[in-house]
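Chains, contacts and geometry: an overview
Listed below are the residues making up each chain.
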There are 2 protein chains.
Amino acid sequence: MKTELENVTPYEIEKRSMEIISQELCAIGITLDKEKEPVIKRAIHASADFDYAQNLYFSENVIQKALELLKNGTSIVTDTKMALSGINKKALSRHGIKAYNFIDDEDVAASAVWNNTTRSAACIDKAVAMDTPVIFVIGNAPTALVRIYELYNGGIFKPALVIGVPVGFVNVVQAKELIIQTGIPCIISRGRKGGSNIAAAICNALLYML
Amino acid sequence: MKTELENVTPYEIEKRSMEIISQELCAIGITLDKEKEPVIKRAIHASADFDYAQNLYFSENVIQKALELLKNGTSIVTDTKMALSGINKKALSRHGIKAYNFIDDEDVAASAVWNNTTRSAACIDKAVAMDTPVIFVIGNAPTALVRIYELYNGGIFKPALVIGVPVGFVNVVQAKELIIQTGIPCIISRGRKGGSNIAAAICNALLYML
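Residues numbered from 1 in each chain as written. Chains lettered and ligands numbered in written order. Predicted model: local features only at pLDDT ≥ 70, side-chain atom pairs only at ≥ 80, totals over all residues. Heavy atoms only, no water.

**Observations concerning the overall build of chain A**
A tally of regular secondary structure across chain A gives 10 helices and 6 strands. Computed over its C-alpha atoms, the radius of gyration of chain A comes to 17 Å, within 12% of the 17 Å expected for a compact globule of 210 residues. Its C-alpha atoms give chain A principal-axis dimensions of about 55 × 35 × 35 Å. Looking at the 210 residues of chain A, the share that counts as buried comes to 57%. Residue pairs at least 24 apart in sequence account for 63% of intrachain contacts in chain A once pairs closer than 6 positions are excluded. Within the structure as shown, chain A displays about 9,200 Å² of accessible surface, and the carbon and sulfur contribution to it stands at 49%. (Helix = DSSP H or I, 4+ residues; strand = E, 2+ residues; numbered from the N terminus. Rg over C-alpha atoms; globule rule 2.2 N^0.38 Å. Buried < 20%, exposed > 50% of the residue type's maximum accessible area, 1.4 Å probe, protein only. Contact = heavy atoms within 4.5 Å. Areas by Shrake-Rupley, 256 points an atom, 1.4 Å probe, with all protein chains shown as cover.)

**What about the pairing of strand β5 (residues 161-164) of chain A?**
Residues and elements named next belong to chain A. Here β5 shows a buried face lined by Leu161 and Ile163 and a second buried face lined by Val162 and Gly164. Judged from the 4 bridges that link them, strand β4 (residues 134-138) and β5 form a sheet pairing that is parallel. Residue pairing across strands places Ile138 opposite Gly164, the latter belonging to β5. In terms of handedness, the path from β4 via helix α8 (residues 142-153) over to β5 forms a crossover that is right-handed. Two strands pair when backbone bridges link them, and β5 and strand β6 (residues 186-189) are joined in this way by 3 bridges, in the parallel orientation. The residue bridging Gly164 from the neighbouring strand is Ile188, located in β6. In the classification by handedness, the crossover that spans β5, the intervening helix α9 (residues 172-182) and the parallel β6 is right-handed. (Pairing = 2+ DSSP bridges. Right-handed = clockwise from strand over helix to strand, strands pointing away.)

**Quick notes on the interface of chain A and chain B**
Contact residues are listed per partner, giving 46 residues for chain A and 46 residues for chain B. Summed over both sides, the interface between chain A and chain B buries roughly 4,000 Å², with carbon and sulfur atoms accounting for 67% of that surface. When the buried area of chain A at its contact with chain B is split by residue, Met82, Phe169 and Val170 of chain A rank highest and sum to 18% of it. In this structure, the connection of chain A to chain B is made through 2 salt bridges. For Arg192 of chain A, the salt bridge is made with Glu24 of chain B, and the minimal N-O distance between the two is 2.5 Å. Counting across the interface, chain A meets chain B through 8 residue pairs in polar contact (both at pLDDT 80 or more). Of all the elements, helix α1 (residues 10-27) of chain A adds the most residues to the side of chain A that touches chain B, at 8 residues. (Buried area = accessible area lost by both parts, 1.4 Å probe. Salt bridge = Lys/Arg side-chain N within 4 Å of Asp/Glu carboxyl O. Polar contact = N/O pair within 3.5 Å; in protein donor to acceptor, adjacent residues only side chain to side chain.)

**Examining the confidence of the model for chain A**
For chain A, per-residue confidence averages 95 on the pLDDT scale, and residues scoring 70 or more make up 98% of the total. Of the two predicted TM-score estimates for the complex, the pTM is 0.96 and the ipTM is 0.95. (pLDDT = per-residue confidence, 0-100.)

**Digging into the packing of helix α3 (residues 62-71) of chain B against helix α10 (residues 196-209) of chain B**
Residues and elements named next belong to chain B. The contact between α3 and α10 brings their axes to 10 Å, and the two run at 75°. Considering the angle they form, α3 stands roughly perpendicular to α10. Contacts between α3 and α10 involve Ile63, Ala66, Leu67 and Leu70 from the first element and Leu206, Leu207 and Met209 from the second. Taken together, the residues that form the contact of α3 with α10 break down as 7 nonpolar, no polar and no charged. (Axes fitted to C-alpha atoms, helices over the stretch in contact; angles between N-to-C directions. Parallel < 35°, antiparallel > 145°, perpendicular 65-115°, else oblique. Nonpolar A, V, L, I, M, F, W, Y, C, P; charged D, E, K, R; others polar.)

**Concerning the relation of the copies chain A and chain B**
Taken as rigid bodies, chain A and chain B are interconverted by a rotation of 180° and an axial shift of 0.0 Å, the fit giving an RMSD of 0.0 Å. Taken together, these values place the two copies in the relation of a two-fold axis. Using C-alpha coordinates, one finds that chain A approaches the rotation axis most closely at Met82 of chain A, a distance of 2.6 Å. The overlap is high: 100% of the interface residues of chain A also sit at the interface in chain B, so the same surface is used on both sides. (Least-squares fit on C-alpha atoms with pLDDT ≥ 70 in both.)

**Here's the deal with unusual backbone geometry**
All names here are of chain A. One non-glycine residue, Asn116, adopts positive backbone phi at about 50°. Structurally, Asn116 can be placed in the loop between α6 (106-114) and α7 (119-129). Relative accessible area serves as the criterion here: at 58%, Asn116 is assigned to the exposed category. Look at Asn171: it is not a glycine, yet its phi comes out positive at around 65°. One can find Asn171 in the loop between β5 and α9. For Asn171, a relative accessible area of 9% gives the class buried.

**Some points on the sheet that holds strand β5 (residues 161-164) of chain B**
All names here are of chain B. Pairing is mixed across the open sheet formed by 6 strands, whose spatial order is β1-β6-β5-β4-β2-β3. Both outer strands of the open sheet, β1 (56-58) and β3 (99-101), are each paired with one neighbouring strand and no more. Between one strand and the next, the sheet's axes are offset by a mean angle of 20°, whatever the strand orientation. On the sheet, helix α9 (residues 172-182) packs against β1, β5 and β6 (186-189) and is oriented at approximately 155° with respect to β6.

**Re the side chain of Arg42 of chain B**
Among the structural elements, Arg42 of chain B can be located in helix α2 (residues 37-47). Discounting residues that sit within four places of it in the chain, Arg42 of chain B has contacts with Glu14, Met18, Ala201, Asn204, Ala205 and Tyr208 of chain B.

**Examining the environment of Lys126 of chain B**
Residues and elements named next belong to chain B. Within the secondary structure layout, Lys126 lies in helix α7 (residues 119-129). Between the C-alpha atom of Lys126 and that of Asp107, which follows or precedes it by 19 residues, the distance is 8.7 Å. For Lys126, the residues in contact, after removing those within four places along its chain, are Phe102, Asp105, Asp107 and Val108.

**Re the sheet that holds strand β1 (residues 56-58) of chain A**
All names here are of chain A. Spatially, β1-β6-β5-β4-β2-β3 is the arrangement adopted by the 6 strands of the open sheet, whose pairing is mixed. Since the sheet does not close on itself, it has two edges, and those belong to β1 and β3 (99-101), each with one partner. Averaged over all neighbouring strand pairs, the angle between strand axes comes to 20°, with direction disregarded. This element, α8, spans β4 and β5 of the sheet and lies at about 150° to β4. In this fold helix α10 (residues 196-209) packs onto β1, β2 (75-78), β4, β5 and β6, with an angle of close to 135° to the strand it touches most, β5.

Put into structure tokens, the structure is as follows:
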């Protein structure tokens, strides 16, 4: 097993990593769409999992829409503190974007008990009550995606954008497909894979494209 | 694509997920060591990536050692806020364990500039200065693992345990092998894969075993 370290400065590591990802995608015969490439490569960078070259679904013109929303300072709401903590705070502040997570709020906990649902789903209702355009960044809870679907379907709320990449084995695949079917602008990791790290990585990729 | 949701309560999802992981491991002919099983399954649960059934390295008796350390309230230091935010705070407090991340500390930023290294590596020095046994939980920065190696090799500090699962393409594989070679008690994801989510998942698996 190789233990000799490559002589790169810490600050060159990301650039070199992205080059390696490009080379290996090329070697397996995958050419990425230029517009989506930064998002896909950052998901691979966050996981070292090349499945993200093929499992990410992008709704029509979603990159362009996402960049406009972020330029306009649209608020971000995440389902977990982990996703929130992975989003680059300097990039957010540079563009005057606020990012929220409500999972530890007392009213959210109470609402989850009252409605016999998860706190992640109750967070969605709290975001809707903000009465402002929202970008949802969901890396963990399929119940959050299901709640977004219900509110949209009931004509109650249409999110500006959903980055929907929960990971898991129960109701995750289905919840993602429900969002895709709505036509809401979205970036979704089809299948089981995803996670708070992937959610933050996609969000950061969009912020870095501004 | 299946969109009909399974009728499980949110609280049954984790149990059902773990059953599915067991079934699928069985189907591909993998039998896990009973002691390591909770750690491996939680890494798979966090990523939906079955590679973790085969890429996790456990030093001798490391599960038993880790559980003793946690029972004794040994402090945890992470390399990222994301890893820290993924560790279950109720489980920590139940066992009187403190978990730290120093990445945003001013002295760490200054030390990183002064020593021409990453803030993640400077965090290791700050942890060592605590002069107490430390469990390192590293999900992102190979430079943090390299710093742990240097300090150990120089006879300056021996960590109680290293959960070393950074993800990446440059110096990640090598940094992990360096730690394995030291003989420090460790759990390491060999190869490129890992991440803050995997680091937190392994830490939580150990906490839940107490």
